[in-house]
Amino acid sequence: MMNLIPLPKTYAENEGVYTFGGKIKSDFELPLINGFAELCNDADFVIKKDESVSREGYKLTVNTDKLVIKASSEIGAYYALQSVRRLCSFDTGGREVPCCEIDDEPRFKWRGLQLDESRHFFGKDTVKRYLDFMFAEKLNTFHWHLTDDQGWRIEIKKYPLLTEIGSKRAYTQVGGWESAKTENEPHFGFYTQEDIKEIVSFAAERGITVVPEIDFPAHCASAMAGYPELACFPKETEVPGYFGGLIPQRRFDFRWNRTLCCGKESTFDFVFGVLDEVCELFSSKYIHIGGDEAPTGEWKRCAECQRVIKENGLKNEDELQGWFENRLISYLKEKGKTPIGWNEIIRSKNLNNEGNSVVVQYWTPKRDKFAEAYANSGGAMVLSNHQSFYFDMPYAMYPLSSTYNYKPSDYGISVSDNILGVEGELWSEWIPDREKLDLSAFPRIQALAEVAWSPEEKRDFADFKRRLDLLKPTLKKLEIGYAEDEISLNSDEAQKRLINKKFRRGDPLLELKLNKN
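Structure report, in brief. No experiment lies behind these values; they were computed from the predicted model shown.

### Details of the overall build of the chain
Line of reasoning, step 1. Looking only at helices and strands, one finds 20 helices and 20 strands in the chain.
Line of reasoning, step 2. Radius of gyration (C-alpha) of the chain: 24 Å, near the 24 Å computed for a compact globule of 517 residues.
Line of reasoning, step 3. For the chain, the spread of C-alpha atoms along the principal axes amounts to about 75 × 50 × 40 Å.
Line of reasoning, step 4. The 517 residues of the chain split such that 61% are buried.
Line of reasoning, step 5. Put simply, of all contacts in the chain between residues at least 6 apart along the chain, 72% involve residues at least 24 apart.
Line of reasoning, step 6. Summed over its atoms, the accessible surface of the chain is roughly 20400 Å², and 48% of this surface lies on carbon and sulfur atoms.

Structure below.
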């Protein structure tokens, strides 16, 4: 019985099984990572180089006496090996591969997963663990959110206070968006540049590109804690431990999401200095610059920002952000990089996207007419629509089916070559540790993988659930704390309402507790 996730492009099962024995013969020099050495050293494999196969695609033929893989690249050969591993349930002791013919390649070139480490820092071991899981599901882009108001997590040698001060906070909001409760324990951590290089290399071995996100011009409170002069109105501040919601409203304290001053040339010296080091550390052609949720209140009161608006003939503060983004776009373009921004950036009518030089990431819960027009006129886009791909939300709010049944057309997007792909988001406001991270991510990652890889017309949720059940023993063997049957919520509307209520105020970890019962 075919048990592959993600579903292959074509699959034909034949009579009989292939049982491991013999040795591997390969046209590629494959570093046998992730347990492939054990798999391949006890196999009669032939891996042939075939330039007619697409770069990430593969062809697999399994007979009773031989297993043949054809691929044009190492990553295609690896993906074939991942399929073999799943077909025989290798991780739980299986050694028989059903005879079959597979011709496979991905639907989208961008198959992404994001991890936010500003709100909660997880560390190298957890990041590498997730890169291995991405590799198993044929995901190829790791979007690493490294800076935000609640913590700066990447060493910038030119600006040491970003990590000396900006990576540490004294307390953390708990209890949900509408709760004012805090836990008064320090939270800290950052990645050295050597750590970054190690993780980028680790990911590259698995065919995964690491795309860093460094947020500008908003979500810069942790940077301003170290360098107050970046603000329109400098003042000494601490790294905030709250995420928004009720706390800033009660305290009338909106320092948690402040924008950089656009009127000071020193602001651009700082931004460009940070980007110089980021571009050196990451081989990715893409650099994510955020651009979302930028409040304009301080810009309206700032004489320097108003001077820039006047001198450049800008209509308002929205166009001031467009002017700011244009300078970053030009700078990154000179360095051979393509910027990515959240879909709010295209509301600045003066944004310069000559030559399709900006990628827009569409995230907002409500349909965005600007994003739809941008994509449908040929603008490059990554799709991570909230209702399907915000994996930090409870299953009671967004069940697994909302991810699996995702269709770009539901958001007014026509798929063509300018749609790079899809991405799941793991924002960590209410994900304090690996246990909650696992629950939020699995089995949503498997659903994401199938949306990203498999032909839309072949997807069927009931069949996916059948294959997912066959995969669960492997997930348990790998010690992945996945959501059991979506925490048995599908038939209990009262419990769904309770979980969603508690997520907003009271107990964002309620699903984790229920999953243990």
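After that view of the structure, there is still more to cover.
### Some thoughts on the nonpolar core
Line of reasoning, step 1. Core analysis: the largest hydrophobic core is formed by 129 residues, its most contacted members being Trp144, Ile154, Phe216, Val274, Phe282 and Met381.
Line of reasoning, step 2. The dominant element in this core, judged by the number of residues it contributes, is helix α8 (residues 265-281), at 9 residues.
Line of reasoning, step 3. In contact with Phe216, other than residues within four places in its own chain, are Trp152, Leu260, Phe270, Val271, Val274, Leu275, Ile289, Gly290, Gly291, Phe324, Glu325 and Leu328.
Line of reasoning, step 4. Formed by 9 residues, the second largest nonpolar core is a distinct cluster that contains Trp342, Tyr390, Met393 and Trp427.

### Concerning the state of the cysteines
Line of reasoning, step 1. All told, the structure shown has 0 disulfides when counted by the stated rule.
Line of reasoning, step 2. Unpaired in this structure, Cys220 has its nearest cysteine sulfur neighbour in Cys262, at a distance of 10 Å.

### Focus on the pattern of salt bridges
Line of reasoning, step 1. Tallied over the full model, the rule gives 32 salt bridges.
Line of reasoning, step 2. Notably, a salt bridge pairs Asp132 with Arg206, separated by 2.6 Å at the nearest N-O pair. Separated by 74 residues along the polypeptide, Asp132 in helix α3 (residues 124-136) and Arg206 in the loop between α5 (193-205) and β15 (209-216) bring together distant segments of the chain.
Line of reasoning, step 3. When its relative accessible area of 5% is taken as the criterion, Arg206 is described as buried.
Line of reasoning, step 4. As a salt-bridge pair, Glu194 and Lys197 come within 3.3 Å of each other at their nearest N and O atoms. With Glu194 and Lys197 both in helix α5 and 3 residues apart, this pair spans about one turn of that helix.
Line of reasoning, step 5. Where salt bridges share partners, they join Asp116, Arg119, Asp148 and Glu429 into one cluster.

### Regarding the packing of aromatic side chains
Given two aromatic rings, their pairing is described by the distance between the two centres and the angle made by the two planes.
Line of reasoning, step 1. According to the stated counting rule, one finds 28 aromatic pairs in the structure shown.
Line of reasoning, step 2. Judged by centre distance (6.5 Å) and plane angle (80 degrees), the ring pair of Trp144 and Phe282 falls under edge-to-face. Taken together, the positions of Trp144 in strand β8 (residues 141-145) and Phe282 in the loop between α8 and β16 (286-290) put the pair 138 residues apart, joining distant regions of the chain. Side by side, Trp144 and Phe282 carry an identical accessibility label, which is buried.
Line of reasoning, step 3. In this structure an aromatic cluster arises from ring pairing among Phe121, Phe142, Trp144, Tyr191 and Phe282.

Basis of the calculations
Residues numbered from 1 in each chain as written. Predicted model: local features only at pLDDT ≥ 70, side-chain atom pairs only at ≥ 80, totals over all residues. Heavy atoms only, no water. Helix = DSSP H or I, 4+ residues; strand = E, 2+ residues; numbered from the N terminus. Rg over C-alpha atoms; globule rule 2.2 N^0.38 Å. Buried < 20%, exposed > 50% of the residue type's maximum accessible area, 1.4 Å probe, protein only. Contact = heavy atoms within 4.5 Å. Areas by Shrake-Rupley, 256 points an atom, 1.4 Å probe, with all protein chains shown as cover. Core = buried A, V, L, I, M, F, W, Y, C linked by side-chain atoms within 4.5 Å. Disulfide = S-S within 2.5 Å. Salt bridge = Lys/Arg side-chain N within 4 Å of Asp/Glu carboxyl O. Phe/Tyr/Trp six-rings, centres within 6.5 Å; stacked < 30°, edge-to-face > 60°.

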